[in-house]
Amino acid sequence: MLFYIRIEKDRRAYMPKVERLHFDEANESYRISGRNKSIVLASNRPLLCNKGLKHKAPTWSLIEGTGSNMSVYDKILAALMKALE
């Protein structure tokens, strides 16, 4: 599965590519790649959906890459969650 998300930083819009790497009944992982960097994020969102916990936020973890700028990292997570709903 391949799609794009929109992130705004310093009045500029970026459209990184998101690729689903792994998906099973308990975990999922996505690679978010820009022009020259990429990160891999994993979460337990499928497990929460299977248990019927609609209002509990999934736990995201950074598997690969660096999350040096936390404000951009939070914007990536918010855009990714919005795209997955």
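What you are looking at is a predicted structure, and each value in this text was computed from that prediction instead of being measured. (Residues numbered from 1 in each chain as written. Predicted model: local features only at pLDDT ≥ 70, side-chain atom pairs only at ≥ 80, totals over all residues. Heavy atoms only, no water.)

Caption draft 1: Inspection of the overall build of the protein chain at higher detail. For the protein chain, the count of helices and strands is two helices and seven strands. In the protein chain, the order of α-helices and β-strands from amino to carboxyl end is β-β-β-β-β-β-α-β-α. In terms of its C-alpha atoms, the protein chain occupies a principal-axis envelope of roughly 40 × 25 × 20 Å. Residue burial in the protein chain is summarised as follows: out of 85 residues, 33% are buried. Within the protein chain, residue pairs in contact and separated by at least 24 positions form 29% of the contacts whose partners lie at least 6 positions apart. (Helix = DSSP H or I, 4+ residues; strand = E, 2+ residues; numbered from the N terminus. Buried < 20%, exposed > 50% of the residue type's maximum accessible area, 1.4 Å probe, protein only. Contact = heavy atoms within 4.5 Å.)

Caption draft 2: Fine view of the environment of Asp 10. Along the chain, Asp 10 turns up in the loop between β2 (7-9) and β3 (12-14). In sequence terms Asp 10 and Leu 21 are 11 residues apart; their C-alpha atoms lie 29 Å from each other.

Caption draft 3: Molecular detail of the side chain of Ser 29. Within the fold, Ser 29 resides in strand β5 (residues 28-33). Assessed through its relative accessible area of 11%, Ser 29 is described here as buried. Beyond its immediate chain neighbours, meaning those up to four positions away, Ser 29 contacts Glu 19, Arg 20, Leu 21, His 22, Val 40, Leu 41 and Ala 42.

Caption draft 4: Here's a closer look at unusual backbone geometry. Positive phi, close to 55°, is recorded for Asp 10, a residue that is not glycine. Although it is not a glycine, Arg 11 sits at a positive phi angle of roughly 65°. Tracing the backbone shows Arg 11 in the loop between β2 and β3. Residue class for Arg 11 comes out exposed when judged on its relative accessible area of 87%.

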